[in-house]
Amino acid sequence: MSQIEKSPVVELVETRGHTTGAEWLTRYSSSLMGVFGTPQRVLVRGAGCLVWDADGKEYLDLLGGIAVNAMGHAHPFVTSVISSQLATLGHVSNFFTSPTQIALAEKLLELAKAPTGSKVFFANSGTEAVEAAFKLARRNSGAGPLSGADGSGQAGTRKTRTKIIALEGAFHGRTMGALALTAKEAYRAPFEPLPGGVVHIPFGDVDALLAEIDETTAAVFLEPIQGEAGVRPLPAGYLREAREATTKAGALLILDEVQTGIGRTGKWLASEDAGIVPDAVTLAKGLGGGFPIGALLTFGPETSALLAAGQHGTTFGGNPVATAAALATLHAIESQRVLDNVRSVGERLRSKLAAVDGVTEVRGEGLLIGFDLDADVAPAVVTAGLDAGFIVNSPGPRTIRLAPPLILTAEQADSFIQALPTLLQTAKDAQ
């Protein structure tokens, strides 16, 4: 710790004379729930794409808090806006609103090219945004009287829409509604029974999707690129087919862009090139530049009216500090032409990764990248990377995921490429 400047916060919490990473981890294990396992390091400071741990070691952060730190760590403009807002007005209940909340909603609808009558609901995280979307889907039940539905001229009843379709490999969060949409059995099994009516179909199989959508379908949830499954983009044309089928059936098309949104793919939304208008989009992660915030965008007046007053809410969602942080992040991305950087550095990384011996496939868009290895050594690569000063992630035994800050430079990207062959060999030698 002596090798780097201590933050005032670190000095405040160092009340027991424990300053090394090992000592902090001992305190962690005795005071925090073990739901995350043992942390890999104790991080105390960040600047741009770099972070430092409690022992003074420097790392190039190629994960960005799992696609969260869009403008890197401690971005001067973002942090100044947060500090200023907190010193002015930190929290108001949802009996009131604030200029930052209204301005952020307007800005998101503008960036999403949402039609007139579209709305925004603010939450605190991605899973909460998905939870709101799950309730939106439940409200699209289609239930109610329908004159002559049975062909007799007598009033009948609409066939209730209860089915929600998600994909195998999907990850939508860990609250109960979001968990019902998440496909991984290890996440689901300990908490069953989950909310019912969710059907998981094969990833990317258009025929399976079209066969499953019918008059009982309330909604289809899709990630344009599955992040937790190893960065798997949906096939070209899939979103358009989904849009056409859901429209015909009266079902909602809900896109989970929690990980792919806010410039991660070099566009504001990963889905914007598909040529469709979804019914809803969920956002979080990079939206606050590191400050917790989530959002549900509903497109058009009909969908936006599905959740009425009193049917959903949150205490902290859309608070002045979180919405100020998001406004500052969006402004910084726009004013510093960050999307151009995402596209150019992302292309550079993907092309150079494809040429590395031992890398068998490279996927993704912008700075959301997954690459497969020729052996089950991805977790060992993560360990070797940490030892060498790189933070990466392994969503599978042969897959590495990169989701660095959107301001990653070409030189920083190249430093990882140059180190990767040694990391791969180190990982294989450790097997």
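This text follows the structure it describes.
Overview of the structure. (Residues numbered from 1 in each chain as written. Predicted model: local features only at pLDDT ≥ 70, side-chain atom pairs only at ≥ 80, totals over all residues. Heavy atoms only, no water.)

1. Considerations on helix 10 (residues 238-249)
For the record, the criterion: Where helices and strands are cited, they refer to DSSP runs of H or I of at least four residues and of E of at least two residues respectively, numbered from the N terminus. Take the residue count of a helix, subtract one, and multiply by 1.5 Å to get its expected span. When accessible area is computed with a 1.4 Å probe and restricted to protein chains, residues below 20% of their type maximum are described as buried, those above 50% as exposed, and intermediate ones as partly exposed. Contacts between residues were defined by any pair of non-hydrogen atoms, one from each residue, lying within 4.5 Å.
With 12 residues, helix 10 should cover 16 Å at 1.5 Å per step; its first-to-last C-alpha distance of 17 Å lies within 8% of that length. Here helix 10 has its buried residues at Y238, L239, A242, R243, A245, T246 and A249. Those residues of helix 10 that are buried lie in contact with strand 7 (163-167), strand 8 (198-201), helix 9 (206-212), strand 9 (217-222) and strand 12 (252-256). Positive phi shows up at G250, right after helix 10, with a value of about 80°.

2. What to know about the pairing of strand 12
Moving residue by residue along a regular strand, the side chains alternate between the two faces of the sheet. As a reminder, the rule being used: By the convention used here, strands pair only if DSSP detects at least 2 bridges between them.
Among the 5 residues in strand 12, 5 count as buried, and that is most of the element. Neither face of strand 12 is exposed, since L252, I254 and D256 on one face and L253 and L255 on the opposite face are all buried. Pairing analysis gives 4 bridges linking strand 9 to strand 12, with the strands arranged parallel. Within strand 12, the position partnered with V220 by the bridge is L253. Sheet topology note: the strand 12/strand 13 (residues 280-283) ladder contains 3 bridges and is parallel. Across the sheet, D256 pairs through a bridge with T282, a residue of strand 13.

3. Section: the side chain of T399
Note the cut-off: Each polar contact in these results corresponds to two N or O atoms within 3.5 Å; when the atoms are within protein, one needs to be able to donate a hydrogen and the other to accept it, and residues that are neighboring in sequence are counted only if both atoms are side-chain atoms.
Take T399: it is sitting in strand 19 (residues 399-402). Among the polar contacts listed, one links the side chain of T399 to the side chain of D372, at a separation of 2.7 Å. Residues within four places of T399 in sequence aside, it is in contact with G230, R363, F371, D372, A378, N393 and S394.

4. Some details on the sheet that holds strand 16 (residues 368-373)
Cut-off, in case you're wondering: Between N-to-C directions, angles cover 0 to 180 degrees, with each direction set by a line fitted to C-alpha atoms, over the stretch in contact for helices.
The 4 strands are arranged 15-16-19-18 in an open sheet whose pairing can be described as antiparallel. At either margin of the open sheet sits one strand with a lone partner, and together these are strand 15 (359-365) and strand 18 (393-396). Direction aside, the axes of adjacent strands within the sheet are offset by 25° on average. Sitting on the sheet, helix 13 (residues 338-354) is in contact with strand 15, strand 16 and strand 19, with an inclination near 165° to strand 15.

5. Some thoughts on the packing of helix 5 (residues 99-111) against helix 12 (residues 320-335)
Counted only if it meets this: Oblique is the label for every angle not falling under 35 degrees (roughly parallel), over 145 degrees (roughly antiparallel), or within 65 to 115 degrees (roughly perpendicular). Note on convention: the crossing is left-handed when the near helix lies turned anticlockwise from the far helix by less than a right angle, right-handed when the turn is clockwise. Ten residue types, Ala, Val, Leu, Ile, Met, Phe, Trp, Tyr, Cys and Pro, are classed as nonpolar, four, Asp, Glu, Lys and Arg, as charged, and the remainder, Gly among them, as polar.
Interhelical geometry of helix 5 versus helix 12 gives an angle of 40° and a closest axis separation of 8 Å. Put simply, helix 5 runs oblique to helix 12. Here helix 5 and helix 12 pass one another in a crossing that is left-handed. Along its contact with helix 5, which presents T100, Q101, A103, L104, K107, L108 and L111, the element helix 12 presents P320, T323, A324, A326, L327, L330 and E334. Taken together, the residues of the contact of helix 5 with helix 12 break down into 9 nonpolar, 3 polar and 2 charged.

6. Section: unusual backbone geometry
The omega torsion across E192 and P193 is 5°, close enough to zero to call that bond cis. Here P193 is to be found in the loop between helix 8 (185-188) and strand 8. For V231, which is not glycine, the phi dihedral falls at a positive 65°. If you trace the backbone, V231 turns up in the loop between strand 10 (225-226) and strand 11 (232-233). In this structure, R337 is a non-glycine residue whose phi angle is positive, near 50°. The topology assignment puts R337 in the loop between helix 12 and helix 13.

7. Description of the nonpolar core
Keep this limit in mind: Only buried residues count toward a nonpolar core, which is a set of Ala, Val, Leu, Ile, Met, Phe, Trp, Tyr and Cys residues joined through side-chain atoms within 4.5 Å.
Judged by nonpolar contacts, the single largest core of 76 residues is most densely connected at L108, L222, L402 and F416. In this structure, L222 is in contact with L167, L234, Y238, L239, A242, L253, I254, L255 and D256, ignoring residues within four places of it in sequence.

8. Re the sheet that holds strand 7
In spatial order, the strands read 4-14-13-12-9-7-8; together these 7 strands make up an open sheet with mixed pairing. Every other strand in the sheet has two partners, leaving strand 4 (119-123) and strand 8 as the edge strands with one partner each. For this sheet, the mean inter-axis angle between neighbouring strands, taken without regard to orientation, is 20°. Where strand 4 and strand 14 (residues 294-298) come together, 5 bridges link them in antiparallel fashion. Directly across from V120, in strand 14, lies its bridge partner L297. Strand contacts of helix 6 (residues 126-139): strand 4, strand 7, strand 8, strand 9, strand 12, strand 13 and strand 14, with the helix running at about 155° to strand 9, the strand carrying the most contacts.

9. Concerning helix 15 (residues 410-430)
Each turn of an α-helix holds 3.6 residues, which means side chains three or four residues apart point in the same direction. Formally: One axis is fitted to the seven residues ending at the residue and one to the seven starting there. The bend at that residue is the angle between these axes.
With 21 residues, helix 15 ought to run about 30 Å at 1.5 Å a step, and its terminal C-alpha atoms sit 30 Å apart, in line with that. The largest bend along helix 15 measures about 40° and falls at L420, with the proline P421 one to four residues further on. Turning to helix 15, its buried residues are Q412, A413, D414, F416, I417, A419, L420, L423, L424 and A427.

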